[in-house]
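# Residue-level structural notes
Each chain, letter by letter, is given below.
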Amino acid sequence: MTAIKHALQRDIFTPNDERLLSIVNVCKAGKKKKNCFLCATVTTERPVQVKVVKVKKSDKGDFYKRQIAWALRDLAVVDAKDAIKENPEFDLHFEKIYKWVASSTAEKNAFISCIWKLNQRYLRKKIDFVNVSSQLLEESVPSGENQSVTGGDEEVVDEYQELNAREEQDIEIMMEDCEYAISNAEAFAEKLSRELQVLDGANIQSIMASEKQVNILMKLLDEALKEVDQIELKLSSYEEMLQSVKEQMDQISESNHLIHLSNTNNVKLLSEIEFLVNHMDLAKGHIRALQEGDLASSRGIEACTNAADALLQCMNVALRPGHDMLLAVKQQQQRFSDLRELFARRLASHLNNVFVQQGHDQSSTLAQHSVELTLPNHHPFHRDLLRYAKLMEWLKSTDYGKYEGLTKNYMDYLSRLYEREIKDFFEVAKIKMTGTTKESKKFGKLRHVTDNSKTS
């Protein structure tokens with residue numbers, strides 16, 4: 001550590017007119033260990049400036065570089081973590097809290113002791129030392145031979161200050177003027193004392209002569225202080241205004257955010273409503289056709305077919321997530337179900353009536369075909385039923401039970417009709433064949449009587 005301290009003093013601090021008093025090898029707490037050094041330094045020129053400097057070894061070589069420096073007056077708290085047990089961790093509270101782990105407890109204690117001494121000697125603002133042993137602070141007080149190495153360095157700084165170039169030049173000139181200074185030190189000291197007294201007297205006279213100017217200066221300073229107070233008041237009022245403006249701007253920003261959010265929600269809501277209206281709204285004409293449309297006329301059948309297709313599209317629309325939870329959607333779906341059930345019943349009832357009516361009409365036309373002895377033609381009835389083909393397809397896809405029952409009824413009516421027609425056909429054929437035989441026999445007897453008359 002001594003070699004490192006010497007190297008740091010030579011390479012980093014001496015070029016900056018600083019003296020290194022204490023050093024501790026640390027790394028940041030809770031992170032991957034990247035060692036660096038915290039250095040307590042003072043400047044060699046007055047006024048003395050005390051700093052805590054972070055020095056890090058360069059990754060590209062063996063030289064050290066100055067990374068960051070804090071003025072000791074900015075240090076608020078030194079937290080040693082534990083005043084009883086040995087603990088290498090400690091915190092330094094500057095503009096934020098820096099957490100460190102020293103390589104040893106001894107180095108940490110020596111560094112904290114040096115900070116305490118510098119605080120006691122140079123700073124008007126006292127630093128708070130938390131969790132630091134009182135014994136450590138007592139030992140930090142200089143006491144002759146018991147001083148630590150750090151303390152000794154500090155005393156050296158206090159007792160000896162390096163001369164700058166100008167001071168060296170002045171001393172050399174003085175030594176040249178007093179060649180006897182080396183051989184007769186007492187005479188030299190006496191001369192210096194006399195000259196110092198002369199200078200002190202001149203200074204006192206100068207001060208007394210400039211008392212008027214001092215009074216004027218003090219008056220100007222008082223006026224300046226008053227101006228400063230007024231400026232501070234104005235700045236305080238401006239700060240309050242700015243704070244009020246900031247709060248209003250924050251409220252406006254929040255309001256704009258809420259308005260933007262509301263507009264976005266309204267656009268999305270409108271999109272969902274348009275989707276539901278466009279896909280789940282059934283026209284009043286379609287509803288009227290489903291409820292009371294004429295299923296006997298071609299125009300009414302076409303209107304009912306279009307209404308049934310529109311109803312099927314509304315019922316089969318692919319709803320987006322969450323739509324099925326809406327009360328209006330549930331009510332509309334229930335309404336569609338009721339319309340489907342109502343129209344399915346009307347359609348099934350009407351077609352059953354059509355089947356019965358066609359059976360009666362087919363029986364009444366049977367007599368018209370007795371002369372030709374042919375079965376009746378069903379094409380007109382088939383053409384009437386073909387108009388309901390699309391409605392039957394709709395019924396099959398929406399209510400298969402009613403479709404199946406209607407198909408069964410149609411087959412029953414059709415089978416009975418065909419059975420009756422075939423039976424009537426054979427009856428008429430039998431009657432026709434019987435009538436022809438009787439006429440042939442009657443014609444044969446008449447011919448025989450005629451022949452007999454001619455013979456006579």
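If you look the protein chain up in an unreviewed UniProt entry, it shows as Exocyst complex component 1 from Saimiri boliviensis boliviensis. Word for word, the UniProt comment on the protein chain under Function (unreviewed entry) is "Component of the exocyst complex involved in the docking of exocytic vesicles with fusion sites on the plasma membrane." Among the UniProt annotations of the protein chain, the heading Sequence similarities (unreviewed entry) holds the following wording: "Belongs to the SEC3 family."

### Details of the overall build of the protein chain
Each helix and strand counted, the protein chain has 13 helices and eight strands in total. A burial count over the protein chain gives 29% of its 456 residues as buried. Expressed as a percentage of contacts within the protein chain between residues at least 6 apart in sequence, the contacts between residues at least 24 apart total 57%. Counting every atom, the protein chain has about 31,900 Å² of accessible surface; 55% of that belongs to carbon and sulfur.

### A closer look at the packing of helix α9 (residues 298–315) against helix α12 (residues 389–398)
At their nearest, the axes of α9 and α12 sit 10 Å apart, and the two run at 25° to each other. With respect to α12, the axis of α9 lies roughly parallel. Of the two elements, α9 crosses α12, and the hand of that crossing is left-handed. Where α9 approaches α12, its residues I301, C304, T305, A308, L311 and L312 are matched on the opposing element by K390, L391, W394, S397 and T398. Looking at the contact of α9 with α12 residue by residue, the classes come out as seven nonpolar, three polar and one charged.

### Section: the pattern of salt bridges
Applying the stated criterion across every chain yields a total of nine salt bridges. A salt bridge links K402 to E341, with the shortest nitrogen-to-oxygen separation between them at 2.9 Å. Taken together, the positions of K402 in helix α13 (residues 400–455) and E341 in helix α10 (residues 327–364) put the pair 61 residues apart, joining distant regions of the chain. By relative accessible area, K402 is classed as partly exposed at 23%. With a relative accessible area of 31%, E341 lands in the partly exposed category. Taken together, the shared-partner salt bridges in this structure form one network comprising E341, R345, D399 and K402.

### Remarks on the packing of helix α8 (residues 284–292) against α9
Where α8 meets α9, the closest approach of the two axes is 8 Å, and the angle between their N-to-C directions is 115°. The orientation of α8 relative to α9 falls into the category roughly perpendicular. For the element pair α8 and α9, the recorded crossing hand is left-handed. Contacts between α8 and α9 involve H286, A289 and L290 on the former and, on the latter, A303, C304, N306, A307, A308, A310 and L311. Here the residues of the contact of α8 with α9 are counted per class, giving eight nonpolar, two polar and no charged.

### Some points on the pairing of strand β3 (residues 50–57)
Alignment of strand β2 (residues 36–43) against β3, held across six bridges, turns out to be antiparallel. For F37, the partnering residue across the bridge sits in β3 and is V55. Here β2 hands over to β3 after six residues, the two strands then running antiparallel side by side.

### Re the sheet that holds β2
Read across the open sheet, the eight strands follow the order β4-β3-β2-β1-β7-β6-β5-β8; overall the sheet is mixed. Pairing within the sheet leaves two strands with one partner each, and these edge strands are β4 (64–71) and β8 (128–130). Each strand axis lies, on average, 30° off the axis of its neighbour in the sheet, ignoring direction. Here β3 pairs with β4 via seven bridges, running antiparallel. What sits directly across from V55, in β4, is R66. Against the sheet, helix α1 (residues 2–13) touches β1 (18–28), β2, β3 and β4, its axis set at about 115° to β1. Packed on one face of the sheet, helix α2 (residues 105–122) meets β1, β2, β3, β5 (77–79), β6 (89–93), β7 (97–102) and β8 and runs near 135° to β1.

### A look at the packing of aromatic side chains
Under the criterion given, the structure shown has eight aromatic pairs. Taking 6.0 Å as the distance between ring centres and 70° as the angle between the ring planes, the aromatic pair formed by F37 and Y64 counts as edge-to-face. Within this pair, whereas F37 is found in strand β2, its partner Y64 is found in strand β4, the two being separated by 27 residues in sequence. In terms of burial, F37 and Y64 fall into one category: buried. Here F343 and W394 contribute two aromatic rings whose centre-to-centre distance is 5.2 Å and whose plane-to-plane angle is 65°, an arrangement assigned as edge-to-face. One end of the pair, F343, is in helix α10; the other, W394, is in helix α12, and 51 residues separate them in sequence. The two residues F343 and W394 agree in class, both being buried.

### Notes on α12
Along α12, the positions that sit buried rather than exposed are L391, M392, W394, L395 and T398. In a view along the axis of α12, the buried residues occupy a sector of 160°, so they form one face of it. Pointing more than 90 degrees away from the buried face of α12 are the exposed residues K390 and E393.

### Describing a nonpolar patch on the surface
On the surface, a cluster of nonpolar side chains totalling about 340 Å² of accessible area is made up of V214, L217, M218 and L221. Of the residues examined, L221 reaches a relative accessible area of 42% and is grouped as partly exposed.

### Some thoughts on the environment of K402
Separated by 57 residues in the primary sequence, K402 and R345 have C-alpha atoms spaced 8.0 Å apart. Discounting residues that sit within four places of it in the chain, K402 has contacts with E341, A344, R345 and L395.

### With respect to the side chain of T41
With respect to the element layout, T41 can be found in strand β2. What T41 contacts, discounting residues up to four positions off in sequence, is F13, E18, R19, L20, Q49, V50, K51 and V53.

Rules used in this analysis
Residues numbered from 1 in each chain as written. Predicted model: local features only at pLDDT ≥ 70, side-chain atom pairs only at ≥ 80, totals over all residues. Heavy atoms only, no water. UniProt positions renumbered as here; feature names shortened; annotations may be inferred. Helix = DSSP H or I, 4+ residues; strand = E, 2+ residues; numbered from the N terminus. Buried < 20%, exposed > 50% of the residue type's maximum accessible area, 1.4 Å probe, protein only. Contact = heavy atoms within 4.5 Å. Areas by Shrake-Rupley, 256 points an atom, 1.4 Å probe, with all protein chains shown as cover. Axes fitted to C-alpha atoms, helices over the stretch in contact; angles between N-to-C directions. Parallel < 35°, antiparallel > 145°, perpendicular 65-115°, else oblique. Left-handed = near helix turned anticlockwise from the far one by under 90°. Nonpolar A, V, L, I, M, F, W, Y, C, P; charged D, E, K, R; others polar. Salt bridge = Lys/Arg side-chain N within 4 Å of Asp/Glu carboxyl O. Pairing = 2+ DSSP bridges. Phe/Tyr/Trp six-rings, centres within 6.5 Å; stacked < 30°, edge-to-face > 60°. Arc of directions from axis to C-beta. Patch = residues over 30% accessible without salt bridge, like charges linked within 9 Å, V, L, I, M, F, W, Y side chains within 5 Å.

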